[in-house]
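A structural walkthrough
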Amino acid sequence: MPPAAERVPWRWLAAGRASRRLVLVVVFVALLLDNMLLTVVVPIIPTFLYTTEYEGANSSVAAAWTEPAPPALKAPPFSSMFSYFDNSTVTVSGSTSTMELANGTENSPLLQPPASSPPPPSGCPEGEEFLAKENVRVGLLFASKALVQLVVNPSVGLLTNRIGYHIPMFIGFVIMFVSTVMFAFSGTYTLLFIARALQGIGSSFSSVAGLGMLASVYTDDFERGNAMGIALGGLALGVLIGAPFGSVMYEFVGKSSPFLVLAFLALLDGALQLCILQPSKICPESTKGTPVVTLLRDPYILVAAGALCFSNMGVAMLEPTLPIWMMQTMCSPKWQLGMAFLPASISYLIGTNLFGILANKMGRWLCSLIGMAVVGISLLCVPLAKNIYGLIGPNGGLGFAIGMVDSSMMPIMGYLVDLRHTSVYGNVYAIADVAFCMGFAIGPSTGGAIVRAIGFPWLMIIIGVINIAYAPLCWYLRNPPAKEEKIAILSQECPMQTKSYTTQKTLRDFPLADDSDVEAENAE
């Protein structure tokens, strides 16, 4: 091969490493896979636990009750028995119990299991009490990812300030791959819980490092807003594909299949990171970032973080509770449990891409205010649905509104750091991710308990009212004041000619002449 031809791939690789667009692609793919794994389990876990734990236990009980009595006991040759496992009547021989013989009732035609409830309507799952308890268990499992991410995020923010964004991004990929493979082969609640918690660690590395990298590469506020909108489009696409993909694959192929597909895609993402980001390269920030504690004292950052938290808390509460509510009230098959989230995912994808551009023109504070109000109204409408088609409108409005909030608040976080603090973004996006994770930690963990205590409709009313009440606080982000020392730096016009910036006199060459002071005063 000619030497020139050998150098072409290396030139392309060098050009790719210098390209901002390829960095955006890497972050897009990382967020896509993270959120596919986040939502692919939503329709799988409730039905998998129901199948393995409730139906598995009942099948063993039913098998025990259909065993014949010992041959020493005299019994009528044939008697009918109703099976509560598959709702059918079968004819058995020699099944009279010792208790019935003692009571002289050996001709009784039915042998009933103890404490059985009447069979539910056709197509609906049995075990109302089991499903009520499952709300809490599934909620805690889903929340474990966000709780772990909540704890790890501040450490990742500090790590990115010390060694840069590339190595943490690659660490996130490795942990996510291990978590995905573990999901594929876990068969118990405990192993699934560990896999979900492990995903939280990987997600923390990927999201904090990815968003911080974008903010450092796209320094212009308008370009940064567009880039964040595209990156959040990857997040939206992951949410869009995850739940329907998981429900269909689980129904027709098996539990492990969606996770093995995600593991393969994660390997491709790792190869892309190796080529573009050079994760062995340590690139610390040139300036020291503002401490997390200082950022948390900034009321404007807290308002933006609160908007991210409460808007996402609504969909976080829906994830563990909506599938079980559909199983109880709509008798929905497995594939519908994931398809119910499809309208929210599609509208979220549209919202993040549309308002990544529009929010800068209409005002990001106004965009987020309207978005939170629509989130609240949509949540109030969810319990009114009588079938899966009734969920299209509320879930569609919910996804679109959350897209408005996310595509507005993520650029605002970077802008607030530029405006009021040091322009190093690891810590502020750690706070943004903490806010996001608080919604996904508090939502599922408390949502299941609230549903069990007062019901699913009241849960939607509570979180809907909270979002509507919080929306007016976004008004404070309309025109946040800059720190005094950063006004001249960030002004896009001529530097401000104020006394605070002109106190230092111009340095003069040595040696000084006798009339140098007079010349300096005339120059001023």
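Cut-offs and rules
Residues numbered from 1 in each chain as written. Predicted model: local features only at pLDDT ≥ 70, side-chain atom pairs only at ≥ 80, totals over all residues. Heavy atoms only, no water. Helix = DSSP H or I, 4+ residues; strand = E, 2+ residues; numbered from the N terminus. Contact = heavy atoms within 4.5 Å. Areas by Shrake-Rupley, 256 points an atom, 1.4 Å probe, with all protein chains shown as cover. Axes fitted to C-alpha atoms, helices over the stretch in contact; angles between N-to-C directions. Nonpolar A, V, L, I, M, F, W, Y, C, P; charged D, E, K, R; others polar. Phe/Tyr/Trp six-rings, centres within 6.5 Å; stacked < 30°, edge-to-face > 60°. Core = buried A, V, L, I, M, F, W, Y, C linked by side-chain atoms within 4.5 Å. Buried < 20%, exposed > 50% of the residue type's maximum accessible area, 1.4 Å probe, protein only. Salt bridge = Lys/Arg side-chain N within 4 Å of Asp/Glu carboxyl O. Left-handed = near helix turned anticlockwise from the far one by under 90°. Expected span 1.5 Å × (residues − 1). Bend = angle between axes of the 7 residues up to and from the residue. Disulfide = S-S within 2.5 Å. Patch = residues over 30% accessible without salt bridge, like charges linked within 9 Å, V, L, I, M, F, W, Y side chains within 5 Å.

Our focus in this paragraph is the overall build of the protein chain. Along the protein chain, the regular secondary structure elements total 19 helices and 2 strands. Of the contacts made within the protein chain by residues no fewer than 6 positions apart, 84% connect residues no fewer than 24 positions apart. Total accessible area on the protein chain is roughly 24,400 Å²; 66% of this is exposed by carbon and sulfur atoms.

This paragraph deals with the side chain of Arg196. Relative to the helices and strands, Arg196 is located in helix α7 (residues 189-217). Excluding its chain neighbours within four sequence positions, the residues that come into contact with Arg196 are Leu37, Leu38, Val41, Leu141, Phe142, Ser144, Lys145, Phe183 and Glu319.

On to the packing of helix α13 (residues 342-362) against helix α14 (residues 364-381). It is at 6 Å that the axes of α13 and α14 come closest, and there the two elements cross at 115°. Residues Phe355, Ala359, Asn360 and Met362 of α13 form the contact with α14, whose participating residues are Arg364, Leu366, Cys367 and Ile370. Per-class residue counts for the contact of α13 with α14 are 6 nonpolar, 1 polar and 1 charged.

What follows is about the packing of aromatic side chains. Counted under the stated rule, the structure contains 7 aromatic pairs. Each ring, one from Phe310 and one from Tyr470, has its centre 5.2 Å from the other, and the planes form 50°; the classification is tilted. Pair noted here: Phe310 is in helix α11 (residues 299-329) and Tyr470 is in helix α17 (residues 456-470), with a separation of 160 residues, a long-range link. Ring geometry for Trp325 against Phe456: centres 4.6 Å apart, planes inclined by 20°, an arrangement best described as stacked.

Further remarks concern the nonpolar core. Among soluble globular proteins, nonpolar side chains are generally buried collectively. Core analysis: the largest hydrophobic core is formed by 110 residues, its most contacted members being Leu318, Leu322, Met326, Met413 and Tyr429. At 17 residues, the largest contribution of residues to this core is made by α11. By size, the runner-up hydrophobic cluster in this structure holds 6 residues, among which are Val152, Val156, Phe205 and Val208.

What follows is about the pattern of salt bridges. Side-chain pairing between opposite charges can occur once the charged atoms of the two side chains come close. As enumerated under the stated definition, the model contains 1 salt bridge in all. Across the salt bridge formed by Asp298 and Arg420, the nearest N and O atoms sit 2.7 Å from each other. Here Asp298 is found in the loop between α10 (292-296) and α11, whereas its partner Arg420 is found in helix α15 (residues 392-420), with 122 residues between them in sequence. Looking at Arg420, the relative accessible area reads 11%, which means it is buried.

Right, let's get into the packing of α11 against helix α16 (residues 426-454). Following both chains from N to C, one finds α11 and α16 inclined at 35°, their axes separated by 7 Å at the closest point. For the element pair α11 and α16, the recorded crossing hand is right-handed. Of the residues belonging to the contact of α11 with α16, the class tally is 19 nonpolar, 7 polar and 1 charged.

To continue, consider α13. Given 3.6 residues to a turn, an α-helix orients residues that are three or four positions apart in the same direction. With 21 residues, α13 extends 28 Å between its outermost C-alpha atoms, agreeing within 8% with the 30 Å of an ideal straight helix rising 1.5 Å per residue. The largest bend along α13 reaches roughly 45° and is located at Phe355. Residues of α13 that are buried include every one of Pro343, Ala344, Ser345, Ser347, Tyr348, Gly351, Thr352, Phe355, Gly356 and Ala359, and no others. One or two residues past the end of α13 sits Gly363, with phi positive at roughly 105°.

Enumeration according to the criterion identifies 0 disulfides in this entry. Counting only cysteine sulfurs, Cys474 is the nearest neighbor of Cys367, a cysteine outside any disulfide, at a range of 9.7 Å. Looking at Cys367, the relative accessible area reads 0%, which means it is buried.

Further remarks concern a nonpolar patch on the surface. Nonpolar side chains collect at one region of the surface, where Ile377, Leu380, Ile454, Trp458, Ile461, Ile462, Val465, Ile466 and Ile468 lie side by side and expose about 750 Å² of accessible area between them. Residue assignment for the nonpolar patch shows that the elements contributing at least two residues are α14 and α17. Among the elements that take part in the nonpolar patch, α17 stands out by supplying 6 residues, more than any other. The topology assignment puts Ile462 in helix α17.

What follows is about the side chain of Ser368. Position of Ser368 among the secondary structure elements: in helix α14. The exposure class of Ser368 is buried, given its relative accessible area of 0%. Residue contacts for Ser368: discarding those within four places in its chain leaves Val405, Ser408, Met409 and Cys474.

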